[in-house]
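# Coordinate inspection notes
So the chains spell out like this:
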Amino acid sequence: IEIIKANNTSEYKTIETLANVIFHERMTPAFKETMFLLSETVQAIQQQTETEKYNYYLLNYTAQTVGYLGLQEKENTLDISKIYLLSSYRGLAIGKTALKFVDAVASIKSFEIIELIVNRKIIDLQKSIKKWIPHSEIIGQHYPHGHGEK
């Protein structure tokens, strides 16, 4: 498993293409379209990386990009904003490796808090985070782009 920082339009386009597939698999059409337009297009990714302290990473498995990770740096917090995998690549320890990577980034950059932005119904992901980042604490939900439920 290889994690590569996305730094250019071509890599952002790869993320946009993946997001379109993954969102189609996992989300309702209205939610998918809103979420996609707000945060998963090349233009949105460029804006986030240039003005909102986001970093995107491609998740590669056997030389193929099968997912992506989005992290946002805040004062003393590293937000896991996005962690998506193609459904056919789940269960292969790619997510676990990505979470260990997040923990390493937080440690290297001295972030005190790792925050997960997630739909609270995704219990399996929350359990995985507690398992692979044992000192983490899921303290609530934060939905800056409307990706949550009321």
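Refer to the preceding data block for the structure.
A brief report on the enclosed structure follows. (Residues numbered from 1 in each chain as written. Predicted model: local features only at pLDDT ≥ 70, side-chain atom pairs only at ≥ 80, totals over all residues. Heavy atoms only, no water.)

## Section: the overall build of the chain
What the chain contains, in helices and strands, is five helices and five strands. When the helices and strands of the chain are listed from N to C terminus, the series reads β-α-α-α-β-β-β-α-β-α. Here the chain holds 150 residues, and 41% of them are scored as buried. By sequence separation, contacts in the chain at least 24 residues apart represent 60% of the contacts at least 6 residues apart. (Helix = DSSP H or I, 4+ residues; strand = E, 2+ residues; numbered from the N terminus. Buried < 20%, exposed > 50% of the residue type's maximum accessible area, 1.4 Å probe, protein only. Contact = heavy atoms within 4.5 Å.)

## Comments concerning the packing of aromatic side chains
Evaluation of the coordinates by the stated rule reveals four aromatic pairs. Between tyrosine 61 and tyrosine 89, the ring centres sit 6.0 Å apart and the planes meet at 70°, which makes this aromatic pair edge-to-face. Placement of the pair is tyrosine 61 in strand β2 (residues 54-61) and tyrosine 89 in the loop between β4 (77-85) and α4 (94-108), with a sequence separation of 28 residues. Where tyrosine 68 meets tyrosine 84, the ring centres are 5.4 Å apart and the plane angle is 45°; that geometry is what we call tilted. Here tyrosine 84 lies in strand β4 and tyrosine 68 lies in strand β3 (residues 64-73), a separation of 16 residues in the sequence. Tyrosine 84 gets classed as buried once you look at its relative accessible area, which sits at 16%. (Phe/Tyr/Trp six-rings, centres within 6.5 Å; stacked < 30°, edge-to-face > 60°.)

## Focus on the sheet that holds strand β1 (residues 2-5)
Read across the open sheet, the five strands follow the order β1-β2-β3-β4-β5; overall the sheet is mixed. At either end of the open sheet lies a strand with only one pairing partner, and these are β1 and β5 (113-116). Averaged over all pairs of adjacent strands, the angle between their axes in this sheet comes to 30°, without regard to strand direction. In the sheet, β2 pairs with β3 via eight bridges, with the strands oriented antiparallel. Bridge pairing links leucine 59 to glycine 67 in β3. Packed onto the sheet, α4 meets β1, β2, β3, β4 and β5 and runs at close to 165° relative to β4. (Pairing = 2+ DSSP bridges. Axes fitted to C-alpha atoms, helices over the stretch in contact; angles between N-to-C directions.)

## Quick notes on unusual backbone geometry
One non-glycine residue, threonine 62, adopts positive backbone phi at about 45°. Among the secondary structure elements, threonine 62 is positioned in the loop between β2 and β3. Not every positive phi belongs to a glycine, and serine 110 is a case in point at roughly 60°. Mapped onto the secondary structure, serine 110 falls in the loop between α4 and β5.

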